[in-house]
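Given next are the chains, with one letter for each unit.
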Amino acid sequence: YKIRTEINMMDMEVDDDDDDWNPVVAPGVVLRPHVLQWTPAATKQDEHDAKDQLAEDPLHDPEADEDDEKWVAEKLLQPDEQNVRSTDAVLNCPGCFTPVCYQCQRHEQYNRQWRASDVRNCQVDRSVSLSMAKDDPSKYFAVRCETCRADVGLQDADGIYHLFHVIESLG
């Protein structure tokens, strides 16, 4: 038994040292990927097989997506002045992918920022007020995900949420 243990220990040492790849990148050395562009081969048979597989899936309900979309529109989206329920995106926490906002408006100037009047699964930290500049009288409060406590944005004094550390999914 003792000999077998020593042999296993030697095998483990050999396994740790088997990585001999040690690239040296110096000025003038250009690393290039092996595959520059990949495009899948699309044939009529592949498309037909994919449709057959989807049709055969016992857990797929083609009407469920429409039902889910109606439920979200009725329960989570507020109507605007024209009684239209819409959103620019559904926003998720970048740390745990928990949905934090179902109805928002994209910022006109900054593409990755959003404005919302309601958020879900978030907590506002009112213990410390934040400001954008030293002499700025506006106060903001940190908005964090309830699930993982990641910062997802700010809330201003008017109660409007400004979300900028989120993952966008199409609404």
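Think of each chain on its own: its residues are numbered from 1, step by step along the sequence as written. Per-residue local features of the predicted model are confined to residues with pLDDT of at least 70, and side-chain atom pairs are confined, for both listing and counting, to 80 or more; whole-chain, interface and lining totals are unaffected and use all residues. Only hydrogens and water are set aside when side-chain values are computed; all heavy atoms of the structure are taken into account.

Engineer: So what exactly am I meant to see when it comes to the sheet that holds strand β2 (residues 99-101) here?
Structural biologist: Note on pairing: DSSP must find at least two bridges between two strands before they are called paired. Think of it this way: any DSSP run of H or I at least four residues long counts as a helix, any run of E at least two long counts as a strand, and we number them from the N terminus. Overall, antiparallel pairing links the three strands, which are arranged β2-β1-β9 in an open sheet. In this open sheet, the two strands that pair with only one neighbour each are β2 and β9 (167-169). The average angle at which neighbouring strand axes cross in this sheet is 40°, direction not considered. Sheet analysis places strand β1 (residues 90-92) next to β9, joined by three bridges and oriented antiparallel. Opposite Leu 91, over in β9, you have Glu 168 as the bridge partner. Under this scheme, a helix contributes an axis fitted over its contacting stretch, all axes are lines through C-alpha atoms, and angles between N-to-C directions fall in the 0 to 180 degree range.

Engineer: Got a minute to help me understand the pairing of strand β7 (residues 151-156) in this structure?
Structural biologist: Every regular strand shows the same layout, with side chains that alternate between the two sheet faces. Taking burial as the measure, the six residues of β7 include five buried ones, the bulk of the element. Summarising the sheet, strand β6 (residues 140-145) and β7 pair through five bridges and their orientation is antiparallel. Residue pairing across strands places Val 143 opposite Gly 153, the latter belonging to β7. As paired elements, β7 and strand β8 (residues 161-163) share three bridges and run antiparallel to each other. Along β8, the bridge assignment pairs Leu 154 with His 162. We call a residue buried when its accessible area falls under 20% of the maximum for its residue type, exposed when it is over 50%, and partly exposed in between, using a 1.4 Å probe and counting protein chains only.

Engineer: Can you help me understand the packing of aromatic side chains in this one?
Structural biologist: How two aromatic rings sit relative to each other is given by the distance of their centres and the angle of their planes. Two aromatic rings from Phe, Tyr or Trp, using only the six-membered ring of Trp, form a pair when their centres are within 6.5 Å; if the ring planes differ by under 30 degrees the pair is stacked, by over 60 it is edge-to-face, and anything between is tilted. Here the structure, examined in full by the defined rule, presents zero aromatic pairs. Over the face of the ring belonging to Phe 141 we find Arg 126, whose NZ or CZ atom lies 4.7 Å from the ring centre. Charge-over-ring contacts are defined here by two conditions on Lys NZ or Arg CZ: a distance within 6 Å of the ring centre and an angle within 35 degrees of the ring normal.

Engineer: Help me understand the pattern of salt bridges in this model?
Structural biologist: A pair is scored as a salt bridge if a Lys or Arg side-chain nitrogen falls within 4 Å of a carboxyl oxygen belonging to Asp or Glu. Evaluation of the coordinates by the stated rule reveals five salt bridges. Between Arg 112 and Glu 168 there is a salt bridge, with the nearest N and O atoms lying 3.9 Å from each other. Placement of the pair is Arg 112 in the loop between β3 (105-106) and β4 (114-116) and Glu 168 in strand β9, with a sequence separation of 56 residues. Judged by its relative accessible area of 46%, Arg 112 falls in the partly exposed class. Across the pair Arg 120 and Asp 118 runs a salt bridge, and its minimum N-O distance is 3.4 Å. With relative accessibility at 30%, the residue Arg 120 sits in the partly exposed group. Take Asp 118: its relative accessible area is 40%, and that puts it in the partly exposed class. Within this structure, Arg 106, Arg 112 and Glu 168 form a network of salt bridges that share partners.

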